[in-house]
Structure formats: structure tokens, C-alpha cells
Amino acid sequence: MGDHSHGSPDDSGTVAKAGAGDLDKFQDPGLPPHRKRLADTDPHAEKRAERQVALLFIISIIGTLSFFIAYFVLGRPEDISEIRLQNAMLGLGTTFAMLGIGIGIVHWAKTLMPDHEISELRHEIRPEADRQDAEQIINQVVEEMGIARRPLIRNTLIGAIALAPIPAIFMFRDLDRSGKNAGAMVEQLRHTMWDTNVRLTRDPSGTPIKAADVQLGSVFHVIPEGLNDLEDPLNEKAKAVVLLMRLDPALMHVSEERKDWHHDGIVAYSKICTHVGCPVALYEQQTHHLLCPCHQSTFDLTQECKVIFGPAGRPLPQLPITVDSDGFLVAQSDFHEPVGPSYWERGSN
Amino acid sequence: MKALSQRRRHPLAAVALLLMGLLITGGLYMAAGSVNEAKAATGYSASDIQEGNKLFVANCATCHGMNAEGSADGPSLIGVGAAAVDFQVGTGRMPMQMQGPQAQAKPVQFDDAQISQLAAYVSSLGAGPSIPSEDMLDTSQGNAAAGGTVFRVNCAMCHNAAAAGGALTRGKFAPSLAEVSEKHIYEAMVTGPQNMPVFNDSNVTAEEKRDVITFLKEIEAQGSPGGAKLGSLGPVSEGLFIWTAGLGIIIAFTIWLTSRPS
Amino acid sequence: MSTTTEYTPKTSTGRIANFVDSRVGGSAMVKEFGRKIFPDHWSFMFGEVALYTFVLLLISGTFLTFFFDPSMTHVIYDGSYNPLKGIGMSAAMSSTMDISFDVRGGLFMRQVHHWSALLFVASVSVHMLRVFFTGAFRKPRELNWVVGGLLLIMAMAAGFTGYSLPDDLLSGNGLRIIDGVIKSIPLVGTYISLFLFGGEFPGTVVIARLYSLHIMIVPAIILLLVAVHLFMVVVHKHTQYPGPGRTNDNVVGFPVGPVYAAKAGGFFFIVFGIVALISGLFTINPIWNYGPYDPSPVSAGTQPDWYIGFVDGALRLMPGTLGNFSLDWNIPLPWGDNSLVLNVLLPALVPAGIMFTIMFTWPWIERWVTKDEREHHLLDRPRNAPFRTGMGVAGVVSYCVMWAAASSDLIATHFHVSLNDVTYWLRALFFIGPIVGFIVARRIALSLQRKDREIVLHGRETGVIQMSPEGTFTERHEPLDPYKLHQLVNYEDRQYIPAQPDAAGHISADEKRRGALSRFFFEDRVAPVTPSELAAQHAAHGHGPAEIEDSSTESIEK
């Protein structure tokens with residue numbers, strides 16, 4: 001800015017001054033006359049207010065005492081309804097203890113302390129004299145340092161300071177505790193526990209599933225066999241959970257390369273949403289839709305889990321399955337694409 | 001009336017009016033919801049089946065067909081079993097009032113004997129899940145913690161972790177399980193009503209179903225330890241509460257605090 | 001530092017005070033603050049609510065740290081809560097269960113902590129809305145507005161890091177969503193996710209890491225920012241609403257000692273009492289319902305706490321595909337494909353980014369458009385700044401649409417409508433809502449200004465009907481007292497300033513843009529009544545409505 005040639009005549013930084021048009025402006029009548037309170041004029045009202053304040057403080061004392069009663073008399077409740085009672089009584093005790101003090105003090109301030117509004121002048125935030133003094137001091141400091149005259153010192157210092165924090169950034173490299181190199185770290189996102197002949201088992205019991213168990217309209221929440229034996233099962237579980245459903249083969253639109261991936265209408269799809277990774281666990285058995293409860297992405301099971309609504313951008317990955325010689329459902333292989341939310345390195349498979 | 005017309009100009013009048021409106025709306029909303037229970041007998045006689053057939057022709061055949069073979073308006077009932085009838089009719093879902101996204105629970109239309117006769121007729125059409133025995137519903141034999149685990153994996157995504165219900169696509173929803181009888185919970189699991197998947201015994205065993213029922217009945221009976229549960233709807237109701245009630249009380253206090261006493 | 005006449009206090013309190021004073025110089029502080037004036041208005045109290053809930057958070061949070069174990073080690077729960085007995089969970093979840101059921105008052109403290117957190121962020125938000133709609137951010141307070149914005153962000157960060165700590169099913173799925181959002185960031189997202197979780201999601205370290213952020217770094221930053229914020233309040237002195245006797249040069253109110261200190265101090269106890277009441281009677285985050293985190297289960301109605309809700313809502317509103325084009329886009333690059341996850345990246349970053357950018361830069365935008373370089377200590381009533389009120393409402397509407405979207409499933413079930421329809425409507429509202437909000441709010445503000453003019457020119461309606469000797473009925477209007485009148489005429493009359501040529505007579509593109517914005521904001525305005533207008537009105541007495549158009553005598557450019 002700084003272009004004031006056309007603007008109002010007053011300088012920047014000062015409060016609004018009367019302009020030409022302000023001649024036709026209402027005068028400030030000043031503060032309205034002070035109105036006296038009941039307690040200012042009536043000694044009874046004053047006495048009453050005093051008693052009210054004291055009563056509020058006494059209520060606070062009672063509140064604190066009732067907190068102790070709730071704490072000690074109810075002791076260590078075992079029963080849920082007693083825990084609820086204790087929680088409510090601790091809360092109410094604290095409420096009275098605090099509100100008694102708070103309302104008491106405020107009531108005291110409102111009724112008995114002076115209620116004359118006082119006007120105080122504002123001060124300039126930066127007086128011009130101070131600014132000049134400060135400028136002089138800074139100039140002197142810069143001059144005595146001589147930093148402007150010694151560019152060699154200045155430039156090397158800038159270099160050193162710019163470089164010094166960089167190690168701190170690298171210190172964080174080992175936040176990743178897997179000990180893998182960058183490529184391997186990203187690569188692990190592509191693979192799950194599923195492999196040839198890994199049995200499909202029930203979540204969470206880990207018992208295998210026979211093809212005959214899966215009836216039309218039912219849904220099985222599935223984990224790979226052996227998952228529960230892992231030391232840290234959750235990491236693998238977060239990628240490997242699968243939904244198993246049986247469809248009438250007449251309803252299915254199966255693409256050529258996936259025609260062997262289902263077993264007699266039994267299909268397995270990743271349970272991890274391709275949007276941001278919530279479990280897509282809601283199966284509507286009549287519409288054959290899978291719905292994610294977090295962001296409502298909807299997948300059509302009859303169209304190889306194509307997205308038909310919501311924010312997901314990719315179909316759920318399908319797990320190719322078959323049955324082993326004992327009649328249990330097994331995976332043919334791992335998923336053919338990474339499961340879960342997309343990431344930069346994912347690419348098209 | 002004079003006092004009223006004077007006070008309507010008071011700055012708090014709008015607030016009071018708003019509060020009143022909210023209270024009335026809320027009250028009307030709460031005055032809704034009754035759940036009915038029905039007991040069913042086992043072992044059907046020929047006369048039960050015959051009576052059931054009559055009831056069926058009179059009340060159900062319009063949509064499900066004269067011989068329960070199904071039509072454009074309703075599915076075939078051959079092989080759905082007695083449990084499906086007992087659930088659908090016993091919770092008032094059937095007969096449906098009108099076609100909609102899904103059949104909803106409402107006051108039961110038939111008495112226990114009639115429901116039993118209908119169940120007898122439908123179960124005579126083809127084998128299907130039968131009404132569970134008392135033993136399968138006995139919560140004193142169940143394990144609530146194990147049931148909770150099964151519930152979270154298989155049920156919570158639709159019915160909510162506290163069984164408060166949830167939304168499905170296009171107007172369908174999973175209902176709240178509060179105050180649903182043990183028998184109806186069991187029957188829903190074995191028959192998969194509407195869009196609910198079927199959980200047959202090879203998926204969730206009979207014992208696990210009993211555990212789930214035990215879990216549901218236990219969390220229902222114990223109540224909420226922390227106080228009023230705000231519908232068990234999670235952070236949305238908590239956020240709504242703090243913005244309305246919480247900030248409302250705070251603002252009331254700030255207005256009192258900065259007002260001048262008389 | 002020697003004094004000629006040694007002061008000897010008479011009471012013991014006096015002796016202690018004198019001891020401290022003679023060593024640190026407390027007298028100067030008492031002189032500076034003891035009778036400092038603070039204006040009194042209910043809308044000025046939200047900052048205090050924020051400060052006090054933060055104090056409550058520190059108190060209750062410290063208590064919780066004594067019992068909480070931020071470890072993801074697998075343990076078997078063996079506490080009092082039967083429906084989870086014997087279930088495997090992390091030590092974090094197990095210790096939170098113990099706080100709730102096996103530490104007396106632990107459940108109460110947890111609920112105080114969580115309710116305070118919700119109230120903290122809510123009061124910061126309301127405080128910022130108050131500052132925005134009254135124009136309190138104007139010179140010289142722009143920097144304090146920015147500090148306030150940073151405080152809002154840090155409050156959200158504190159809330160989010162705390163939300164995840166119990167390692168329950170709800171917060172675990174929340175973390176999973178965060179993981180998905182982080183992974184969508186191009187080039188570095190995958191690595192940030194792997195580093196944050198110490199490997200693949202969920203790993204075994206993230207709770208401990210969030211814990212150190214939650215109890216050390218984030219509160220330390222908040223404390224620092226609060227100190228800066230309050231320091232600047234002291235430097236600037238508080239703003240005040242316009243009114244008789246209240247000018248840009250003074251501050252009218254109560255002195256700190258005793259009235260303001262008593263009210264503000266008492267208010268802390270009131271806020272504490274309210275939080276205690278809510279915490280005693282209403283449950284919050286019942287983790288025992290959700291159960292331990294496991295990547296397979298999920299609960300219907302999985303939502304974040306309210307302050308993250310708008311991001312979650314934006315994620316829900318964004319369609320994943322446009323026609324046949326998937327926004328989860330594989331970009332063909334020379335070395336192969338990379339994924340640009342626009343369906344996550346855009347909603348997670350763009351709305352929040354735009355909102356915070358406009359919020360932080362608004363003081364400068366407004367200053368630039370209005371060419372107003374003066375200091376402002378008098379607030380605007382929101383109706384007297386229709387353009388700003390309109391912009392603020394537009395922002396609030398767009399926030400609320402996203403917010404509502406985060407509960408689309410609950411809207412669907414509770415109002416018996418289709419989930420999909422709710423989403424379609426909210427998508428439309430996301431674009432239309434802010435525009436309608438701007439227009440409606442600005443028009444309402446202008447109408448209220450007109451109403452003020454009416455009242456000034458015609459007086460207050462008394463409701464008394466009188467019959468003239470000729471038999472006509474009129475309502476008697478009473479002239480305003482000078483105090484009320486002053487309140488209605490004394491406001492900043494902002495006007496359209498067309499683009500100005502610079503010294504060389506050239507109008508820069510920047511200046512043209514400013515001119516266009518100025519026209520957009522200020523073309524429609526209602527000027528305050530002038531004494532001469534009022535006199536003319538009285539002279540004409542009762543001839544038609546007052547002229548409310550811009551009168552040329554008072555425009556800034558001649």
C-alpha cells in the first residue's frame with residue numbers, strides 16, 4: 001500500500017480521525033449514567049447477597065464432602081451399575097464443589113463489588129521515539145558485529161547453519177524398525193500371507209472351511225491358516241483378511257482371466273477397502289453389495305467387486321481359490337495385486 | 001396475554017421459543033417404539049399345517065404365491081424353515097404393510113398359535129432351519145467374552161459394536177438389537193432375514209450363537225457404566241452433545257456472568 | 001537497588017509480599033495489571049473457556065498418565081469388565097480398561113479428560129468465530145489471529161493423538177484411515193506411513209509414539225502459543241463493542257482487581273463444574289463397547305471425534321470415479337506406472353487447505369481490499385460488516401456440509417432416508433451451500449442495517465395505537481435516547497473504492513482485481529444515518545420511508 005494521495009488525509013497507523021464528511025456525524029453522548037443496584041441502596045439486599053454468597057460456598061463444601069462419600073462408602077465397586085452410581089456421584093460432588101465456588105465468587109463480584117465501568121486510554125503500541133532508539137541500537141549492533149563488512153564470515157556461517165540440522169532429519173530413518181532397505185520396505189506392501197494351498201480359515205477361530213459349509217446368502221470372515229500362530233498376527237491380518245461368499249453362478253459376470261478363481265460360485269475378496277483401508281465388512285445378501293461402514297464405498301459382488309458408489313476408486317482384489325483333496329477351501333496363490341489403499345509406488349499391478 | 005405479548009420482545013424469547021420447539025420435537029420422537037415377543041411351540045400336527053395353510057392363503061399368498069412358490073412381489077418360502085416364519089411374523093415384519101427398502105418390525109399381527117400354525121405350514125413345504133430349543137438360548141451357559149469376539153467380527157459392522165444399529169445402502173438399515181428376544185436373535189442368524197447374511201452352524205456354531213446372545217443380553221442388562229450413553233452412536237452424538245448442551249450451558253453462564261444485577 | 005527509607009510491613013501477608021517484591025519487583029507488575037481494564041461481554045468469554053478446559057486437560061491428563069501404559073504388547077485382559085474378560089488386547093487398551101473399572105474415579109477422570117478435549121476445541125472454534133465476525137482480527141491484532149489459528153490446529157493435533165491412545169477398535173480404524181490418507185501422498189506418502197508405524201500398519205510402536213507427541217510436544221507447543229497469545233492480548237488491550245462512551249482510543253470495562261479477576265477466576269470453577277457435571281452423567285468413548293483393535297472387525301458408525309469430522313466427511317463426499325475414469329489414477333511414466341490417489345488426496349487436503357489458507361490470510365485480504373491501514377479497537381457488529389459476515393457464513397456452511405457428511409450414515413438411519421441420497425444431496429450442497437450462505441447472510445445483514453436506520457429515523461415502535469382527530473389510526477413512535485441512537489449510527493461505513501491508478505497513471509492488474517473485489521463486497525451498502533438526515537426526517541415527519549441510498553456527500557473519493 002502506501003499510496004495515500006487520494007485517500008483520507010490521516011496517516012496510517014493512527015486511529016480514525018474526523019474526515020470531511022464526519023462533520024455531519026452524531027456526537028458521542030458518553031457513557032450512560034450509572035444505575036445503582038439493589039444492594040447499593042438497600043442494606044437488606046446487601047445482607048441478603050452476602051448470605052447467598054456464603055450459602056454457595058457452603059454448598060461447595062457439601063459437594064466436596066459428598067465426593068468423599070462416593071469415593072469411600074461405595075469403595076471399589078465390582079458391579080457395573082455401582083460403577084455408574086459412583087461415577088455419577090463423584091461427578092455431582094465435583095460439580096457442586098466447583099459450581100459453589102464459581103457461582104459464589106461471581107455473585108459476590110456482581111452484587112457486592114463496585115460495578116462502575118472505568119474508562120482507560122489506550123497507548124500507542126509503538127511510540128515513534130522508541131522506534132528510533134531501537135533502530136539506532138540495532139544499527140550499532142550490526143556495525144559492531146561487522147557482519148556486513150565481512151561476507152566471508154557471513155556466508156560460511158549461513159552454510160554451516162543450513163547444513164547442521166540435516167543430520168537430525170536422517171536420524172529419523174530408523175523409525176522404520178523392519179531393518180529393510182527402502183525398496184524392500186515398499187515391496188512388502190504387495191504381498192500377503194496367502195499362497196498356493198494356504199487354507200481359508202474362520203476369523204478368529206482359525207478353523208478351516210469346507211466348500212459345502214458355504215451356503216448361498218452366507219458370508220464368512222476369513223483369515224489364512226497359521227495366522228494366529230504368528231508372533232505379531234495383526235500386521236499380516238491387516239492385509240490378509242478376506243470375505244468369502246457364495247453366489248448363484250448365473251448372477252456372476254466373470255471375466256475370462258478369472259474364470260477359474262471361484263469354486264462353484266464361492267468367491268473370496270479382500271476385506272480391506274481400496275479407499276483408505278477400513279474393513280469392507282457389510283454384505284447385503286439380496287443385493288450382493290459390499291458396503292464399507294467408514295466411507296460408504298459400495299462394491300458389486302456380481303461384477304467382480306466393481307465400485308458402484310462412494311469414494312473408492314478400485315475394485316476389491318479377488319483371491320483365487322479352489323478346494324484341496326480334503327474338500328477344504330484353499331488359495332490358489334497370493335492376491336494378484338496389492339490389497340488395501342493405493343500408494344504412489346503401487347502402479348497398475 | 002398482555003404479559004406474554006410484552007415478553008415476546010425479550011431477547012431471550014427467541015431462545016425460549018427455539019428450546020420449546022426442540023423439546024416438543026424430541027418428545028414426539030421419543031414416543032415411539034415397542035417391541036413384541038412371541039413364544040413358539042415345537043412339533044407340528046397335521047391340523048396345525050392345515051390351519052397354517054388357511055392363514056397363509058388369506059394373508060401371505062398375494063405376494064408369496066398360492067403355494068408359497070414366490071412371485072414378483074415376494075420370494076419363495078419353500079425351504080426357508082419354521083425359524084424364518086417365526087422371526088418374520090413374530091417380530092411383525094410380515095405381513096408387510098407396503099413394499100419398501102426392507103420389511104420393518106412393527107406390532108405383531110398374529111397370536112402365538114397362529115404364528116406356530118404358519119410356521120408349521122411353511123416348514124412342511126421343505127426342510128429349513130427350525131425354531132431353536134430353549135437350551136440353545138440359555139444365556140447362563142454362554143460365554144459373554146467369547147460371544148463379544150464373534151459379534152465384533154461378524155455382526156458389529158452392520159449392527160454397531162454396542163448393537164445400536166447402522167445404515168445400509170439405499171434406505172436399508174441394520175436394526176438395533178436392544179430388547180430383541182433371544183429366540184429372534186438366534187433365528188435371524190440362522191435364516192438371514194432381508195439383506196442380512198445367513199450364519200449357518202458351520203460358520204458360527206450353535207454354541208457361538210449362544211455366546212453372542214449371552215454377550216448381547218449382558219451388555220443390555222449391565223447398562224452403561226459411564227452414565228447416559230447418548231444412543232451409543234459414538235463420536236457423532238458426543239460431538240453434537242458438546243456443541244448443543246455443553247456450549248449451551250456455558251453460554252448461559254457467560255450471559256449471566258456479564259449481565260448487570262438489578 | 002537500595003532504598004533510602006526502608007519499608008517495614010506490618011502483617012505477615014505483607015511481610016511475604018514484601019520479601020517477594022523486594023527480590024523480583026512485583027510492585028511494577030501489580031501497578032501494571034492490578035487495575036487493568038477489561039471490557040465485559042458474554043461473547044468475550046470463549047477464549048477463557050478454552051484456556052480453562054486446557055487447564056482441566058493438563059490436570060486430568062497428568063492423573064491418567066500415572067495409570068496408562070502406552071504399549072502395544074499383547075496381554076490378556078483380566079479386569080472387572082466381564083464381557084471382555086480373557087480377551088487378548090494391547091497393554092494400552094488393557095490399562096485404559098483398568099483406569100475405567102479398577103481405579104476409583106478413573107472413569108470419571110477419563111471422561112473429564114475427553115469431554116474437556118471436545119469442549120476445548122469447540123470453544124477455540126467459537127472464540128475464533130467471534131473474533132472473525134466482529135472483526136477483532138484487524139490491525140494491530142493480525143498476528144494474534146494467526147497464533148489463534150495455530151492454536152486451533154494444535155488443539156486438533158492434541159485431540160487426534162489422544163483419540164488413538166486407548167488402542168480400541170474405533171480409534172484403531174481411525175488410525176487405519178489416517179494410514180490410507182498418508183499413503184495417498186505422492187512420492188513420500190508410503191515412506192511416511194512406514195516410518196510412522198515403524199513398518200507396516202499397525203505395527204507395535206505407533207501408540208508409544210503418539211503418546212510422546214500427545215503428552216509432551218503438542219501440549220508444550222500449545223502452552224507456548226497460549227503464552228504468546230496472552231502476551232499480545234496485554235500489549236493490544238482488549239477490543240470492545242461500539243457504544244456510547246466507547247471509542248477507538250479508550251477501553252471501558254471493569255478493573256482486574258477485584259471485579260474482573262473475581263469473575264474470570266470464578267468462571268474457571270464454573271467451567272470445571274460444568275465439565276464435571278457432564279462427565280458424571282454422560283458417558284464418552286466407551287471403549288469397552290468397541291473392544292480391542294483388530295484389523296478385521298469394524299463397527300457401524302465409525303467416526304472420528306467432531307473436530308476431525310469435516311475431513312472424514314470430505315472423504316465420504318468425494319466420488320471415487322468420474323464416469324469411467326477412476327480417480328485412483330495410474331499415471332504412465334517413463335519408468336512405469338505410479339498411483340496418484342486423487343480420490344483420497346483431494347478431499348483430505350484441498351478443503352482443509354483452502355479453509356486454513358483463507359482463515360490465516362483473511363486479515364491481509366480484508367486490509368488489501370478495503371485499503372484500511374488504521375488501527376481498530378472497536379468491533380463491528382456482524383450486521384455492520386455484511387461482506388465479512390457473508391464470507392464467514394459461507395465458510396461455516398461449507399464446514400458444516402462436510403461435517404454433516406461425516407455422519408451421513410446416522411442421518412440416513414435416524415431420518416429414515418437413503419444413505420446414497422444423503423450423499424448426493426450433500427455433494428450438491430457442498431458447492432451450492434456456501435454461495436447461498438454468502439448471499440443470504442449478507443442480505444440479512446443489510447436488512448438488519450436498514451432496520452436500524454428505520455428505528456433511528458422513525459423512532460422506536462411503542463405498540464401504542466392512537467387515533468387522530470381526523471380518525472386515522474397511527475402507531476406512536478418514540479424517539480430514541482441519545483445512547484441507543486449512538487449505538488445504531490456509530491459504525492464503520494465501508495465503501496466501494498474503485499481501482500486507482502498508480503503514480504505513472506497506470507492501473508495494475510492487481511489493483512484491478514482489488515477494485516473488482518471491493519465492488520463485489522461494498523457496492524451494496526447501507527450508510528449510517530446522519531444528523532442532517534434525521535433533522536430532515538423530523539421536518540418532513542412521516543412522509544414515506546427514509547431514503548437509504550448512498551449519499552454522495554460522504555463518499556471517500558471526492
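Residues numbered from 1 in each chain as written. Chains lettered and ligands numbered in written order. Predicted model: local features only at pLDDT ≥ 70, side-chain atom pairs only at ≥ 80, totals over all residues. Heavy atoms only, no water.

An unreviewed UniProt entry annotates chain C as Cytochrome bc1 complex cytochrome b subunit of Paeniglutamicibacter terrestris. We quote the UniProt Cofactor (unreviewed entry) comment for chain C here in full: "heme". What the UniProt record of chain C gives under Catalytic activity (unreviewed entry) is the line "a quinol + 2 Fe(III)-[cytochrome c](out) = a quinone + 2 Fe(II)-[cytochrome c](out) + 2 H(+)(out)". (UniProt positions renumbered as here; feature names shortened; annotations may be inferred.)

Looking at an unreviewed UniProt entry, one finds chain A named Cytochrome bc1 complex Rieske iron-sulfur subunit and attributed to Paeniglutamicibacter terrestris. Under the heading Subcellular location (unreviewed entry), UniProt records this for chain A: "Cell membrane".

Trainee: Please clarify how the overall build of chain C should be interpreted in this entry.
Mentor: Helices and strands together make up the secondary structure of chain C, namely 19 helices and 10 strands. Considering only C-alpha atoms, chain C reaches an extent of 90 × 85 × 65 Å along its principal axes. Counting over 558 residues, chain C shows a buried share of 58%. Pairs at least 24 apart in sequence give 74% of the contacts found in chain C among residues at least 6 apart. Looking at chain C as shown, the accessible area adds up to about 23,500 Å², and 68% of this sits on carbon and sulfur atoms. (Helix = DSSP H or I, 4+ residues; strand = E, 2+ residues; numbered from the N terminus. Buried < 20%, exposed > 50% of the residue type's maximum accessible area, 1.4 Å probe, protein only. Contact = heavy atoms within 4.5 Å. Areas by Shrake-Rupley, 256 points an atom, 1.4 Å probe, with all protein chains shown as cover.)

Trainee: Even after reading the chapter, I still don't get the domain arrangement of chain C, so can you show me in this structure?
Mentor: Interfaces are frequently sized by the accessible area removed from exposure as the parts join. Assigned domains within chain C: domain 1 (1–33) and domain 2 (36–70 + 83–329 + 338–343). Computed from C-alpha coordinates alone, the two centres of domain 1 of chain C and domain 2 of chain C are separated by 42 Å. (Domains from an automatic or database assignment.)

Trainee: Teacher, can you tell me more about the sheet that holds strand β10 (residues 318–319) of chain A here?
Mentor: The strands making up a sheet associate through backbone hydrogen bonding, with each pair oriented either parallel or antiparallel. A sheet is described by the order of its strands in space; here 5 strands give the open sequence β2-β3-β4-β5-β10 (chain A), paired in antiparallel fashion. Strand pairing shows two members of the sheet lacking a second neighbour, β2 (200–202) and β10 of chain A, which therefore form its edges. (Pairing = 2+ DSSP bridges.)

Trainee: It is not clear to me how the state of the cysteines should be interpreted in this structure. Could you clarify?
Mentor: In protein chemistry, a disulfide is the covalent bond that joins the sulfur atoms of two cysteines. Residues and elements named next belong to chain A. This structure, assessed with the given rule, holds 1 disulfide over all chains. The side chain of Cys278 participates in a disulfide bridge whose partner is Cys294; the two sulfur atoms lie 2.1 Å from each other. Taking the sign of the S-S torsion, about -85 degrees here, the bridge from Cys278 to Cys294 comes out left-handed. Placement of Cys278 in the loop between β5 (266–270) and β6 (282–284) and of Cys294 in the loop between β7 (289–291) and β8 (298–300) is noted, with a sequence separation of 16 residues between them. Here the two residues Cys278 and Cys294 agree in accessibility, since each one is buried. (Disulfide = S-S within 2.5 Å.)

Trainee: Is there a simple way to explain the interface of chain C and chain B in this structure?
Mentor: On the side of chain B, 53 residues touch chain C, which itself brings 66 residues to the contact. Buried area between chain C and chain B, summed over both chains or domains, comes out near 4,800 Å², and the portion from carbon and sulfur atoms is 71%. Looking at the side of chain C facing chain B, the largest losses of area belong to Trp42, Pro83 and Ala300 of chain C, adding up to 11% of the total buried there. Summed over the shared surface of chain C and chain B, the number is 0 salt bridges. Seen at the junction of chain C and chain B, the total is 13 residue pairs in polar contact (both at pLDDT 80 or more). At 9 residues, the largest contribution of residues to the side of chain C that touches chain B is made by helix α10 (residues 256–281) of chain C. By residue class, the composition of the side of chain C that touches chain B is 41 nonpolar, 19 polar and 6 charged. (Buried area = accessible area lost by both parts, 1.4 Å probe. Salt bridge = Lys/Arg side-chain N within 4 Å of Asp/Glu carboxyl O. Polar contact = N/O pair within 3.5 Å; in protein donor to acceptor, adjacent residues only side chain to side chain. Nonpolar A, V, L, I, M, F, W, Y, C, P; charged D, E, K, R; others polar.)

Trainee: Would you explain the UniProt feature "domain: Rieske" (unreviewed entry) in chain A in this entry?
Mentor: Mapped onto this numbering, the UniProt entry annotates "domain: Rieske" (unreviewed entry) at residues 239–330 of chain A. Secondary structure over residues 239–330 of chain A splits into 2% helix and 33% strand, and the C-alpha atoms at its two ends are 17 Å apart.

Trainee: Could you clarify how one ought to interpret the UniProt feature "transmembrane region" (unreviewed entry) in chain A in this entry?
Mentor: Residues and elements named next belong to chain A. Here the UniProt feature "transmembrane region" (unreviewed entry) sits at residues 53–75 and 87–109. Along residues 53–75 the backbone is 91% helical and 0% strand, and the end-to-end C-alpha distance reaches 33 Å. Secondary structure within residues 87–109 divides into 100% helix and 0% strand; the distance between the first and last C-alpha atoms comes to 33 Å.

Trainee: What is the right way to read the confidence of the model for chain C from this model?
Mentor: Low-pLDDT portions of the prediction should not be read for the details of their coordinates. Residue and element names in this part refer to chain C. Looking at chain C, pLDDT values average 91 and 96% of them are 70 or higher. Under a pLDDT of 50 for its full length, residues 543–558 has, in the predicted model, 22 contacts with residues more than four places off or in other chains. With pTM at 0.90, the complex prediction returns an ipTM value of 0.91. (pLDDT = per-residue confidence, 0-100.)

Trainee: How should I be thinking about the packing of helix α2 (residues 43–73) of chain A against helix α3 (residues 80–111) of chain A in this particular structure?
Mentor: Each pair of packed helices can be summarised by the angle the axes make with each other and by the distance between the axes. Residues and elements named next belong to chain A. In contact at an axis separation of 7 Å, α2 and α3 are set at 165 degrees when each is read in the N-to-C sense. By the criterion of interaxial angle, the relationship of α2 to α3 is roughly antiparallel. The two elements α2 and α3 cross, and the hand of that crossing is left-handed. In terms of residue class, the contact of α2 with α3 is built from 16 nonpolar, 12 polar and no charged. (Axes fitted to C-alpha atoms, helices over the stretch in contact; angles between N-to-C directions. Parallel < 35°, antiparallel > 145°, perpendicular 65-115°, else oblique. Left-handed = near helix turned anticlockwise from the far one by under 90°.)

Trainee: Even after reading the chapter, I still don't get the UniProt feature "transmembrane region" (unreviewed entry) in chain C, so can you show me in this structure?
Mentor: Residue and element names in this part refer to chain C. In this numbering, the UniProt entry assigns the feature "transmembrane region" (unreviewed entry) to residues 49–68, 117–137, 143–165, 211–235, 267–288, 340–365, 385–404 and 424–441. Between the end C-alpha atoms of residues 117–137 there is a gap of 25 Å, over a span that is 81% helix and 0% strand. Each end of residues 211–235 is marked by a C-alpha atom, and these two atoms are 36 Å apart; helix forms 100% of the span and strand 0%.

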